[in-house]
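Per-entry structural report
Below, each chain spelled out in residue letters.
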Amino acid sequence: MVKMKHKKIRMTRQRGVILEELRAVKTHPTADEMYEKVKKRIPRISLATVYRNLEVLCGLGVIQKLDITGRQKRFDADTSNHYHIKCIKCGKVDDLYSARPDAIEKAVEDHRGYEVLGHRLEFEGICPKCREAGGKEPDTQ
Ligand code: ZN
Ligand code: MN
């Protein structure tokens, strides 16, 4: 058992390694990208196992799955409520901590009298690195 935040979660070695690898990055990797990282430490692990464990960790609330446009789900070890911005050129997904999701929901509640249960907001742009590189071809992702 590994103690995490307030919960005690049953951690297999595989699950522990997956969580460690996700916590080590800020890149919001896909399951495929996680598989590439985890395989270096557990060579015999399968993509299906990585995927299943990511889903279990999401279900436990230890990590979150991001609803970002694109073919594959991305994963984030930061479970706080924050927005993301995606680079349309390189596909990189960055955190946005300056815009507050709870402030927007409060504003909507105050304006319309609804109890807001949730919302989706996704930012798109061109990251500083791609802006510097100039007219690079867009990524197909
Ligand atoms: Zn970029
Ligand atoms: Mn994030």
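This text follows the structure it describes.
Attention in this report is confined to the structure presented alongside it. What you see is a predicted model, and the numbers here were worked out from it, not measured in a lab.

1. Here's the deal with the coordination of the manganese ion (ligand 2)
Donor atoms from the polypeptide that bind the manganese ion (ligand 2) are His28 (NE2), Asp76 (OD), His82 (NE2), His84 (NE2) and Asp95 (OD), placed at 2.0 to 2.3 Å. Between consecutive donor residues of the manganese ion (ligand 2), the sequence gaps follow H-x47-D-x5-H-x1-H-x10-D. Residue His28 is located in the loop between helix H1 (13-23) and helix H2 (31-39), and its partner His82 is located in the loop between strand S4 (74-76) and strand S5 (83-87); the two are separated by 54 residues in the primary sequence. Here His28 and His82 have matching classes, each one buried.

2. Examining the packing of H2 against helix H3 (residues 47-59)
Contact pair H2 / H3: the axes reach a minimum separation of 9 Å and the direction vectors enclose 115°. Between H2 and H3, the angle is such that the two are roughly perpendicular. Crossing handedness for the pair H2 and H3: right-handed. Between H2 and H3, the residues in contact are Ala31, Asp32, Met34, Tyr35 and Val38 and Leu47, Val50, Tyr51 and Leu54, respectively.

3. With respect to the packing of H1 against H2
Taken N-terminus to C-terminus, the directions of H1 and H2 make an angle of 110°; their axes are 10 Å apart at the nearest point. On the basis of their axis angle, the class for H1 and H2 is roughly perpendicular. Handedness of the H1/H2 crossing: right-handed. In contact with Val17, Ile18, Glu21 and Leu22 of H1, H2 contributes Met34, Lys37 and Val38. Classifying every residue of the contact of H1 with H2 by side-chain character gives 5 nonpolar, no polar and 2 charged.

4. Considering the sheet that holds S5
In space, the 3 strands of this open sheet follow the order S6-S5-S7, with mixed pairing throughout. The outermost strands of the open sheet, each flanked by one partner alone, are strand S6 (93-96) and strand S7 (123-125). Direction aside, the axes of adjacent strands within the sheet are offset by 30° on average. As paired elements, S5 and S6 share 4 bridges and run antiparallel to each other. Bridge pairing in S6 links Ile85 to Asp94.

Basis of the calculations
- Positions within a chain are numbered from 1, following the residues in the order the chain's sequence is written.
- In the order they appear in the text, chains get letters beginning with A and ligands get numbers beginning with 1.
- Confidence filtering applies because this is a predicted model: local features only for residues at pLDDT of at least 70, side-chain atom pairs given and counted only at 80 or more, and all residues used for totals across whole chains, interfaces and linings.
- The side-chain numbers reported here are obtained from all heavy atoms of the structure, hydrogens and water having been left aside.
- Metal-coordinating donors are taken as N, O and S atoms lying within 2.8 Å of the metal, or within 3.2 Å when the metal is Na, K or Ca; because water is left out, some sites can appear incomplete.
- Runs of E in the DSSP output that reach at least two residues are strands. Runs of H or I that reach at least four are helices, and both are numbered from the N terminus.
- Here the term buried applies to any residue with accessible area under 20% of the maximum for its type, exposed to any over 50%, and partly exposed to those in between, with areas from a 1.4 Å probe on protein chains only.
- Angular values range over 0 to 180 degrees, each being the angle between N-to-C directions of two axes fitted as lines to C-alpha atoms, with helices fitted over their stretch in contact.
- Here the angle decides the label: under 35 degrees means roughly parallel, over 145 means roughly antiparallel, 65 to 115 means roughly perpendicular, and every other value means oblique.
- Note on convention: near helix rotated counterclockwise from far helix by under a right angle means a left-handed crossing. Clockwise means right-handed.
- Note on definitions: a residue-residue contact is assigned when non-hydrogen atoms from the two residues lie within 4.5 Å.
- All amino acids are sorted into three groups, where Ala, Val, Leu, Ile, Met, Phe, Trp, Tyr, Cys and Pro are nonpolar, Asp, Glu, Lys and Arg are charged, and the leftover types, Gly among them, are polar.
- Two strands qualify as a pair provided DSSP detects at least 2 bridges between them.

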